[in-house]
Amino acid sequence: MSDADSFSPPLRAAAETDGWAVVEKPAGLLSQPDATGKPNVFDVLKHQWRTDADRDPFVGLVHRLDRPTSGLLIVAKHSDAARQLTEQVQNRTIDKHYLALVEGRMQGVGTMQDAIAKTATGPQIVSPDHPEAKAAQLQYQALLTDDDRTLVHVQLDTGRSHQIRLQCAQRGHPVVHDGRYGASVKVRRPGIALHHYGLRFEDPASGRLRTVTMPVPDLWATWATPAHMERARQVVQQFAGA
């Protein structure tokens, strides 16, 4: 039995058509295969979408989420949808909205601008003149501080690897339980307090604007206060109704 066969429960689709699905990735699950051989979204969906009539279903990951991050992933079901959705990603016309619970008392609304490069030890914030530097930008709004942790809304302008985690940590506010980037407490659980809760994109087949949401996972209740959880619920609900 493969890791994909043993992964349980099946991945839930928050929205789905014949051309694509927006699946709910739990924290701890890889987006795509890597050298570890651990379960991942690609292999799980290959198994999950397999039928007697189609033993090798098309699974086109349009974007990625870090392993410890939970949230929404767009997955194409055929090559035409994959091409059109990938173009939207490249043109930055897909709105990606996150909630992060960070350490400390973060305040205000603003833009974070940095340069990120992939190095031998992983993604890092570097000087703009670094030969591998790529611009990284996001918009943020501090929503609620309680128990010395702040709930932050983030909208990505670019999609660099580990971007939100790096940029928040650089400013002294690492994501809760993100020990890799300086969180004061690191737990054995695979997840961190970063969740991709909302997507807005154009359906390749119909041209309609689609809005898809996913509530923060129950695991957050062990990290966040009731006030944080209620504010997060309101944010997701507001985005769904926008």
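Here the structure is shown first, and the text comes after it.
Since we're looking at a predicted model, the values are computed, not measured. (Residues numbered from 1 in each chain as written. Predicted model: local features only at pLDDT ≥ 70, side-chain atom pairs only at ≥ 80, totals over all residues. Heavy atoms only, no water.)

With that settled, the discussion passes to the packing of aromatic side chains. Counted according to the given criterion, the structure contains 2 aromatic pairs. Between Trp20 and Phe201, the ring centres sit 5.1 Å apart and the planes meet at 80°, which makes this aromatic pair edge-to-face. Remark: Phe201 occurs in strand β10 (residues 194-202) and Trp20 occurs in strand β2 (residues 20-25); sequence separation between them is 181 residues. For Phe201, a relative accessible area of 0% corresponds to the buried category. Their ring planes at 80° and their centres at 5.6 Å tell us that Tyr197 and Phe239 sit as a pair that is edge-to-face. With a gap of 42 residues between them, Tyr197 in strand β10 and Phe239 in helix α5 (residues 226-241) connect regions that are remote in the sequence. Here Lys77 stacks its cationic end above the ring of Trp49, 5.3 Å away from the centre of that ring. Across the ring face of Phe239, the terminal group of Arg200 is positioned such that the distance to the ring centre comes to 4.2 Å. (Phe/Tyr/Trp six-rings, centres within 6.5 Å; stacked < 30°, edge-to-face > 60°. Helix = DSSP H or I, 4+ residues; strand = E, 2+ residues; numbered from the N terminus. Buried < 20%, exposed > 50% of the residue type's maximum accessible area, 1.4 Å probe, protein only. Lys NZ or Arg CZ within 6 Å of the ring centre and 35° of its normal.)

The subject of this paragraph is the pattern of salt bridges. As enumerated under the stated definition, the model contains 10 salt bridges in all. Between Asp56 and Lys46 there is a salt bridge; the shortest N-O distance is 2.6 Å. With Asp56 in the loop between α2 (41-48) and β3 (60-61) and Lys46 in helix α2, this residue pair connects regions lying 10 residues apart in the sequence. Its relative accessible area of 57% is what places Asp56 among the exposed residues. Asp114 serves as the salt-bridge partner of Arg171, at 2.9 Å between the closest nitrogen and oxygen. You can see Arg171 sitting in the loop between α4 (163-170) and β10 and its partner Asp114 sitting in strand β6 (residues 109-119), a full 57 residues away along the chain. What you see here is one network of salt bridges that share partners, running through Asp66, Arg165 and Asp178. (Salt bridge = Lys/Arg side-chain N within 4 Å of Asp/Glu carboxyl O.)

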